[in-house]
Amino acid sequence: MKNIKIGNSSFIKNLNQSSIFRLINDYGPISRKELSEKTGYSAGTISNHVKTLIKEGFVIEKEKGISSGGRRPVFLTINPNKGYIFGVNIEVKKVKIIMFNLKLKVERKQKFTLDKQKGPYEALDDIIDLIKNMMKEKNVTNKDIIGIGFAVPGLVTKDRSVLKFAPNLAWNDVTIRKYVSSKLKIPILVENEANAAALGEKDFNYENKVDMVYVSINEGIGCGLIVNGKLHRGESGNAGEFGHIIIDSESDRVCHCGNIGCWETLASTNYIYDMYRKTTNKNINPSELIQDKLIDDKDILNIFSDVGENIGIGLANIINSLSPKLMIIGGNILKIKKYIDSSIQKSVREKTLSLNYDKVEIKYSKLGELATVYGIAKIIFDENMLVNQ
Ligand SMILES: [Zn+2]
C-alpha cells in the first residue's frame, strides 16, 4: 500500500540525496568511499551530492581515526540539529510529549494528566501550548519541525488525520490534523498507538523482515501487525483489532463495541480494577498495581492469575491465526509482568497448536512505555524527512 504523504514535500527533495542521507543515518560515521561502495555511485557523484547535503546543513563532516602519515580520514554523519520531530502519546489518563532531534535522541519531554472534565480540543490546546514552549526553549521555529505524530488509543481514518473512535477516552471524530495544523503550520499525522509501538519496537530492537504482532495492553487492548517488516493496516486502515475477538461468550462483561466477552474486557487493566472492586469492595489505584506490598494480597494475586490466563487465550488465538515469529507484549500491563508471566506462558502453551507454538517467541517490550513515541517519531522521520518512492 502506498503511504499517503502527510506534508507538502519532504525535507530532502532530491531522491539520490535522500538515499545517501539515509545511508549516512543508518551507517554513519561513514566515509565517501564507503558510500560509493554501498550505492554503486561514482566517487564524483557521491562527492557532489554530499557537498550539497553539507551546504544545506543536513550532513556534517568529522575527523575520525588515525591515518598512517597522511591526512586523517574524514567521516560523514547526519546533523542531528537540522530538524526536530515531536511524538505525542495520548493515553487514557495522561499525555506524553517528546521532542526528538534527527538522530531520534530525546531533546525535551513533557507530560500531563488528562482532565476528564475537558473535551478533546481543550486537551489539544494544552498539547499545542506545551509544544510551543518546548520550541521556544530550544529556540526553533515551525520551519525546523519535520512533523508532529499523534499516537492515540483508538481507530483512525485511513488518511491518518482523524481520530474516529477512542472508547476509553470517550472521544469521537476528533479532527486532530486539521485542528493542530491550523494552529502550528506543521505536518501532522495520527496513528493508532499499538501500530506506532509495533514499529518502534521493530525498528529499535529487531531485524527488518520479521513477522510480528505487538499487543498493547492498557485499559483496552490494541495490536499492531508487522508483516514482512512492514506495518499491515488492512483495507480500513485499522487491521489488528484483536481486542474484540470473543474469548468467553458466556461472560457478563459487556464491551463498548456491543459484544459480550471480548478479549479486552477480560484481559486489560480495566478488568483488574473492576474485579478487585467486585471482590473486595475496594478501589485499586492504577499506581498501586506496581507496589510489591500487593504480593501479600491474595485477592489481587488471584485476579493477576486470571488476567494472565485470559491474556494467554487471546495470544493463542492470534498465534494460531497468523503464526508470527514474535509476539511482543507492551503497555501498562508491563508493570505487573512478574506476577502474570507464568500464567500467560501456561495458557499459551496449552491453547496454541503445537506447530505454531514451536515457531513463536513471546517477549515483553524492550522500549516499554517509550515504544509508542519512538515509533511515531520514526514514522515522521521516514515519511517526511526523506523522499519516498
Ligand atoms: Zn468488543
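For clarity, every value in this text was computed on a predicted model and none was experimentally measured.

Caption draft 1: Spotlight on the sheet that holds strand S6 (residues 145-152). In spatial order, the strands read S5-S4-S3-S6-S10; together these five strands make up an open sheet with mixed pairing. A single partner strand is all that each edge strand has here, and the edge strands are strand S5 (106-113) and strand S10 (188-192). Going across the sheet, the axis of each strand differs from the next one's by a mean of 15°, ignoring polarity. Bridge count for strand S3 (residues 84-90) against strand S4 (residues 94-101) is seven bridges, and the pairing is antiparallel. Bridge assignment links Ile85 to a residue of S4, and that residue is Phe100.

Caption draft 2: Region of interest: the pairing of strand S15 (residues 361-364). The side-chain alternation of S15 yields one buried face, formed by Ile362 and Tyr364, and one unburied face, formed by Glu361 and Lys363. As defined by bridge partners, strand S14 (residues 326-330) adjoins S15 across four bridges and the pair is classed as parallel. Looking across to S15, one finds that Ile328 is bridged to Lys363.

Caption draft 3: Spatial organisation of the nonpolar core. Phe21, Ile24, Leu35, Ile85, Phe100, Met212 and Met385 are the most contacted members of the largest nonpolar core, which has 45 residues in total. Per-element accounting of this core gives the leading share, nine residues, to helix H12 (residues 371-385). Those residues within four positions of Leu35 in sequence are excluded, and the remaining contacts are Ile20, Leu23, Ile24, Ile30, Ile46, Val50 and Leu76. With 37 residues, the next largest nonpolar core counts Val307, Ile318, Ile336 and Ile340 among its residues.

Caption draft 4: The arrangement of the pairing of strand S9 (residues 171-174) in detail. Bridge analysis of strand S8 (residues 163-166) against S9 gives three bridges, and the strand direction is antiparallel. Across the sheet, the residue bridging to Ala166 is Trp171, located in S9.

Caption draft 5: Broad picture of the pattern of salt bridges. A complete count under the given rule lists 24 salt bridges for this structure. For Lys278, the salt bridge goes to Asp252, with nearest N and O atoms at 3.4 Å. Taken as a pair, Lys278 in helix H8 (residues 269-280) and Asp252 in the loop between strand S13 (230-231) and helix H7 (263-267) lie far apart in primary sequence, 26 residues in all. A relative accessible area of 56% places Lys278 in the exposed class. A salt bridge links Asp274 to Arg253; the nearest nitrogen and oxygen atoms lie 3.1 Å apart. Taken together, the positions of Asp274 in helix H8 and Arg253 in the loop between S13 and H7 put the pair 21 residues apart, joining distant regions of the chain. Through salt bridges with shared partners, a single network forms among Arg22, Lys202, Asp203, Lys378 and Asp382.

Caption draft 6: Main features of the packing of aromatic side chains. If you walk through the whole model with that rule in mind, you get six aromatic pairs. Ring plane angle 50° and centroid distance 5.3 Å describe the contact between Phe100 and Tyr374, whose orientation is recorded as tilted. You can see Phe100 sitting in strand S4 and its partner Tyr374 sitting in helix H12, a full 274 residues away along the chain. Following the ring pairs from residue to residue traces out a cluster consisting of Phe21, Phe58 and Phe381. Residue placement shows Lys38 over the ring face of Tyr27; its charged tip is 4.1 Å from the ring centre. Sitting above the plane of the Phe58 ring, Lys82 keeps its charged end 4.9 Å from the centroid.

Caption draft 7: Layout of the coordination of the zinc ion. Of the protein atoms, only His244 (ND1), Cys255 (SG), Cys257 (SG) and Cys262 (SG) coordinate the zinc ion, at distances of 2.0 to 2.3 Å. Look at where the donors of the zinc ion fall in the sequence and you get H-x10-C-x1-C-x4-C. In this pair, His244 is assigned in the loop between S13 and H7 and Cys262 in the loop between S13 and H7, connecting sequence segments 18 residues apart. Classification of His244 as partly exposed rests on a relative accessible area of 21%. For Cys262, a relative accessible area of 0% puts it in the buried group.

Rules used throughout
- Residues numbered from 1 in each chain as written.
- Predicted model: local features only at pLDDT ≥ 70, side-chain atom pairs only at ≥ 80, totals over all residues.
- Heavy atoms only, no water.
- Pairing = 2+ DSSP bridges.
- Helix = DSSP H or I, 4+ residues; strand = E, 2+ residues; numbered from the N terminus.
- Axes fitted to C-alpha atoms, helices over the stretch in contact; angles between N-to-C directions.
- Buried < 20%, exposed > 50% of the residue type's maximum accessible area, 1.4 Å probe, protein only.
- Core = buried A, V, L, I, M, F, W, Y, C linked by side-chain atoms within 4.5 Å.
- Contact = heavy atoms within 4.5 Å.
- Salt bridge = Lys/Arg side-chain N within 4 Å of Asp/Glu carboxyl O.
- Phe/Tyr/Trp six-rings, centres within 6.5 Å; stacked < 30°, edge-to-face > 60°.
- Lys NZ or Arg CZ within 6 Å of the ring centre and 35° of its normal.
- Donors = N, O, S within 2.8 Å, 3.2 Å for Na, K, Ca; no water.

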